[in-house]
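What the coordinates show
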Amino acid sequence: MNFLRGVMGGQSAGPQHTEAETIQKLCDRVASSTLLDDRRNAVRALKSLSKKYRLEVGIQAMEHLIHVLQTDRSDSEIIGYALDTLYNIISNDEEEEVEENSTRQSEDLGSQFTEIFIKQQENVTLLLSLLEEFDFHVRWPGVKLLTSLLKQLGPQVQQIILVSPMGVSRLMDLLADSREVIRNDGVLLLQALTRSNGAIQKIVAFENAFERLLDIITEEGNSDGGIVVEDCLILLQNLLKNNNSNQNFFKEGSYIQRMKPWFEVGDENSGWSAQKVTNLHLMLQLVRVLVSPTNPPGATSSCQKAMFQCGLLQQLCTILMATGVPADILTETINTVSEVIRGCQVNQDYFASVNAPSNPPRPAIVVLLMSMVNERQPFVLRCAVLYCFQCFLYKNQKGQGEIVSTLLPSTIDATGNSVSAGQLLCGGLFSTDSLSNWCAAVALAHALQENATQKEQLLRVQLATSIGNPPVSLLQQCTNILSQGSKIQTRVGLLMLLCTWLSNCPIAVTHFLHNSANVPFLTGQIAENLGEEEQLVQGLCALLLGISIYFNDNSLESYMKEKLKQLIEKRIGKENFIEKLGFISKHELYSRASQKPQPNFPSPEYMIFDHEFTKLVKELEGVITKAIYKSSEEDKKEEEVKKTLEQHDSIVTHYKNMIREQDLQLEELKQQVSTLKCQNEQLQTAVTQQVSQIQQHKDQYNLLKVQLGKDNQHQGPYSDGAQMNGIQPEEISRLQEEIEELKSHRELLQTQLAEKDSLIENLKSSQTTSDMNEQSSARDSEQIAELKQELATLKSQLNSQSVEITRLQTEKHELLQKTEAFAKSVPVQGENESVIAANTTDVEGRLSALLQETKELKNEVKALSEERTVIKEQLDSSNSTIAILQNEKKKLQVEVTDSKKEQDDLLVLLADQDQKILSLKKKLKELGHPIEEEDELESGDQEDEDDENEDGSKDQDHI
């Protein structure tokens, strides 16, 4: 603290000795007293002395006050006194400071005490923890103290808070405090915290700061609110300005839509308060932050579109055309609208459709241009209108065409009832006010910027200079005014217009050179040795002459490139010409204009250069210098190289278009294959479900068949030997023939499956060749044609394959039907049952073998279908397959229905047999033959183990 003691010793009028002793005694009481009341009273006394004796209290008491904050946290009153005392020591907010010396000394004391306090980073962390206390007497002085620390040594304190765990989050809680004084001071604290620190700005933004601040602005009444709204808007600017991440977060969070109510001011005549003007000014600046030309183009474009979609642009245009709006708000609104529409075609089209509320309605553009060329309007307003017009035409060829068309003879209103934008520009171009001349020339130049079509169209404009004289072209009238020796600002504006007009437009250069007086005038201006004021005009004349050489198509024999170069060498000298050309970029106002698109000048005499024109100078200065020093042979070679490059570009463009078309065709084919693949997968799923259902019905059928067989075996001993359910020998032979036919069908199916396997292998190889051709011929139209032919071949092969598979499946179902019919006719009783039983066993064995082979065939068919699915991913023949599979599905449904009917018939048959058995039992009982159920069960079991013939004879003897 030696430097502080030095400051204290250097004071001319220090405190009395008794005051210094009092402060020392109070510090001792704070340090040594054991009673909390004594320490509290001592800290309160130090607080009362801290404003008047700031230096002494700071030197002697700061350490003790920090110790109090650490040890006495349970007592909010003493903590509040300590925080207030530290705030008085560090803060520079003294009301009675008048003299500069005392103010500077106070600022030095504040920064020095702040440096002492934050030297121990734990002190700042301690202060952040105290802000978590809800007690008003702790939280409010803590907020004020931290704000003062940030004002004194912002970057250092910001860094400490940034590395402190949850430091920023603790401060964000202040915005949610129900006590307005703490909430409002919390906004001021966050202002100081977020100033020029991108990392903290991002943390604050992601801690939901935008939502809370916009809620506060809404609660306070938007633009009609008080100074709290102003503080919130300043904090929002800190968070968004030059912070692309936060700007994107603001847009993605749909917060732009919440800005619209800010500008619902309407047409008010009741007057505007100073606070409302300040609030609305900050709101407009906040909109400009989001659409600033210095932001990344993509971010600016997305914000511009969002502002149009939510109606914010429409609201701004309403203010623009309203009456009773203060001049500074109107000016800032024009600048804001300018940047909202700059380079955004949708917004520019909307702005072109806006009309002023006049009778008859006039386009807003015309009304604004009337203000620009009116010398009685404020200078800043005229600059804003020029900027708005430039932004309207920026990258807007449609708007440029509309402006130029208002100057053409076919579109001029003959009645003179309405004034067009083009007429206003021409009027300003040739008025007596040099500022109007400059603004109109620059505005007209922006209508020609990077638009060769409009440069040629403007050559058609004819002006009637006086009654009885023939009309002259606009181009000629501009050169006539130049030669009349008008003011420098007027001449600079006209020269910038001519340079923009002639650049990249050989036809305009030819029209300019066709007037024999233009070239002598330019060479005369460049060759003269004039004062410093005229050097800029000489430089622009050199630029215009250089453009006439560089973009000359040699259509005028007297002013060909080589002749103009010779003229420069004789009349001016190449070195002198290049030196004069360099006057433009060396001018002090040139660099200022090149920084920002907005024409922001302190006074009219500084209005010399346009931002877009500085880009043109930078682009042309080097090429004109090279063109002046080039020989005629080099020019010829350059022309030949240009022609070669043009031919090469045309060839490259042709191949690019061809490749683009081929890529589109391939993409379409890929999409078709993908669609067919999805459809085929769906169909395969449907087929699988149908197969599973058929299998379930078959299992049910087999179960019923077994049950029927057992019932027939029980019924056998009580039958009368009739051949009611038996099979005749001729039927057995017929069944054997059918089994032979089934065998032949199975062999035929195996042969066809082998043929299918070979066909699939061929298809796989063809597909592999097709894929290789597709990859290698992505940019070759002939190979694409071959690929299409191969695809057609595969399509036909797959169609034939689908037909074969359908036929195989049909034969399979017929085989199954015959097998089931055969199973129905299996004998259960009758004569010669031993022979029949043996034949039945043989038939059932063959039937089981056939069923197994059928199952294998089904598996092979399933594998074949899977392989076919892989092939069909590259083909477009799914429509025929869909139809076939749908037909098959219908057939399967019919078969399932038939199977259910057969099951019902079997159940009915079983019921009839049960009734017959019961009737037989009744008859036996009536005849006096006792029948026991246990004997019947034993005889039934014996039938399963013994020979059927013996069982049958025993049953007959028993009967």
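As the structure is a prediction and not an experimental result, all values here were calculated from the model.

On to the overall build of the protein, then. Looking only at helices and strands, the protein features 43 helices and 4 strands. Taking all 959 residues of the protein together, the buried fraction comes to 45%. Restricting the contact set of the protein to residue pairs at least 6 apart, pairs at least 24 apart contribute 74%. Per element, the accessible surface of the protein, about 48,900 Å² overall, is 50% carbon and sulfur.

Moving on: helix H24 (residues 421–429). Burial within H24 is extensive, with 7 of its 9 residues counted as buried. All buried positions along H24 are accounted for by Ala421, Gly422, Leu424, Leu425, Cys426, Gly428 and Leu429.

As a further point, take the packing of aromatic side chains. On inspection of all chains with the given rule, the structure shows 12 aromatic pairs. Between the aromatic rings of Phe136 and Trp140, the centroid separation amounts to 5.4 Å while the plane-to-plane angle is 25°, which identifies the pairing as stacked. Residue Phe136 and its partner Trp140 are located together in helix H8 (residues 136–152), separated by 4 residues, close to a single helical turn. Judged by relative accessible area, which is 28%, Phe136 ranks as partly exposed. Pairing Phe351 with Phe392 gives two aromatic rings, centres 6.0 Å apart and planes at 55°, and the pair type is tilted. Residue Phe351 is found in helix H20 (residues 345–353), and its partner Phe392 is found in helix H22 (residues 379–393); the two are separated by 41 residues along the sequence. Taken together through their ring pairs, the aromatic side chains of Phe206, Phe210, Phe249, Phe250 and Tyr255 make up a single cluster. Over the face of the ring belonging to Tyr87 we find Lys144, whose NZ or CZ atom lies 5.1 Å from the ring centre.

Quick look at unusual backbone geometry now. Omega for the peptide link from Asn359 to Pro360 comes to 0°, which places this bond in the cis form. Although it is not a glycine, Glu450 sits at a positive phi angle of roughly 55°. By the secondary structure assignment, Glu450 is in the loop between helix H25 (434–448) and helix H26 (452–458). You will see that Asn504, though not glycine, has its phi angle at about 60°, which is positive. Classification of Asn504 as partly exposed rests on a relative accessible area of 45%.

Before going further, it helps to spend a moment on the pattern of salt bridges. Across all of its chains, the model carries 21 salt bridges by this definition. A salt bridge links Arg40 to Asp37; the nearest nitrogen and oxygen atoms lie 2.6 Å apart. Taken as a pair, Arg40 and Asp37 lie in helix H3 (residues 36–50) at a separation of 3 residues, close to a single helical turn. For Arg179, the salt bridge is made with Asp177, and the minimal N-O distance between the two is 3.0 Å. For Asp177, a relative accessible area of 6% translates into the label buried. Each of the salt bridges in this network shares a partner with another, and the network as a whole consists of Asp37, Arg40, Asp75 and Glu77.

What follows deals with the packing of helix H19 (residues 327–341) against H20. Put simply, H19 and H20 touch, their axes get as near as 8 Å, and they point 135° apart. With respect to H20, the axis of H19 lies oblique. The segment H19 lies against H20, with Val337, Val340 and Ile341 engaging Asn347, Gln348 and Phe351.

Position of Asp72 among the secondary structure elements: in the loop between helix H4 (54–71) and helix H5 (76–90). Asp72 sits in the buried class, given a relative accessible area of 9%. A distance of 3.1 Å separates polar atoms of two side chains, one belonging to Asp72 and the other to Arg39. Residues contacting Asp72, with those up to four places away along its chain left out, are Leu36, Arg39, Ile78 and Ile79.

Turning our eyes to something else, we now look at the packing of H8 against helix H11 (residues 180–194). Here H8 crosses H11 at 25°, and the two axes come no closer than 9 Å. In terms of orientation, H8 and H11 fall into the roughly parallel class. Handedness of the H8/H11 crossing: left-handed. Residue-level inspection shows Phe136, Arg139, Trp140, Val143, Lys144, Leu146, Thr147 and Leu150 of H8 in contact with H11, the latter providing Val181, Ile182, Asp185, Gly186, Leu188, Leu189, Ala192 and Leu193. Among the residues making up the contact of H8 with H11, the classes are represented as 11 nonpolar, 2 polar and 3 charged.

So, on to the environment of Val325. Looking at the secondary structure, you find Val325 in the loop between helix H18 (312–321) and H19. In this structure Val325 comes out as buried when scored by relative accessible area, which is 15%.

For the rest of this paragraph, the subject is helix H14 (residues 227–240). Given a rise of 1.5 Å per residue, 14 residues ought to cover 20 Å, and the 20 Å separating the end C-alpha atoms of H14 matches this to within 8%. Of all the 14 residues making up H14, 12 are buried; the element is thus mostly covered by neighbouring parts of the structure. Among all positions in H14, only Val228, Val229, Glu230, Asp231, Cys232, Leu233, Leu235, Leu236, Gln237, Asn238, Leu239 and Leu240 are buried. Tucked inside the fold, the buried residues of H14 contact H11, helix H12 (198–206), helix H13 (209–219), helix H15 (244–252) and helix H16 (274–290).

Okay, the confidence of the model for the protein next. Confidence along the protein averages 80 in pLDDT terms, with 73% of residues attaining 70 or more. The model gives residues 1–16 a pLDDT under 50, and that stretch makes 22 contacts with residues more than four places away or in other chains. Segment residues 717–728: pLDDT under 50, and 24 contacts once partners within four positions in sequence are set aside and those in other chains are kept.

The rules we used
- Residues numbered from 1 in each chain as written.
- Predicted model: local features only at pLDDT ≥ 70, side-chain atom pairs only at ≥ 80, totals over all residues.
- Heavy atoms only, no water.
- Helix = DSSP H or I, 4+ residues; strand = E, 2+ residues; numbered from the N terminus.
- Buried < 20%, exposed > 50% of the residue type's maximum accessible area, 1.4 Å probe, protein only.
- Contact = heavy atoms within 4.5 Å.
- Areas by Shrake-Rupley, 256 points an atom, 1.4 Å probe, with all protein chains shown as cover.
- Phe/Tyr/Trp six-rings, centres within 6.5 Å; stacked < 30°, edge-to-face > 60°.
- Lys NZ or Arg CZ within 6 Å of the ring centre and 35° of its normal.
- Salt bridge = Lys/Arg side-chain N within 4 Å of Asp/Glu carboxyl O.
- Axes fitted to C-alpha atoms, helices over the stretch in contact; angles between N-to-C directions.
- Parallel < 35°, antiparallel > 145°, perpendicular 65-115°, else oblique.
- Polar contact = N/O pair within 3.5 Å; in protein donor to acceptor, adjacent residues only side chain to side chain.
- Left-handed = near helix turned anticlockwise from the far one by under 90°.
- Nonpolar A, V, L, I, M, F, W, Y, C, P; charged D, E, K, R; others polar.
- Expected span 1.5 Å × (residues − 1).
- pLDDT = per-residue confidence, 0-100.

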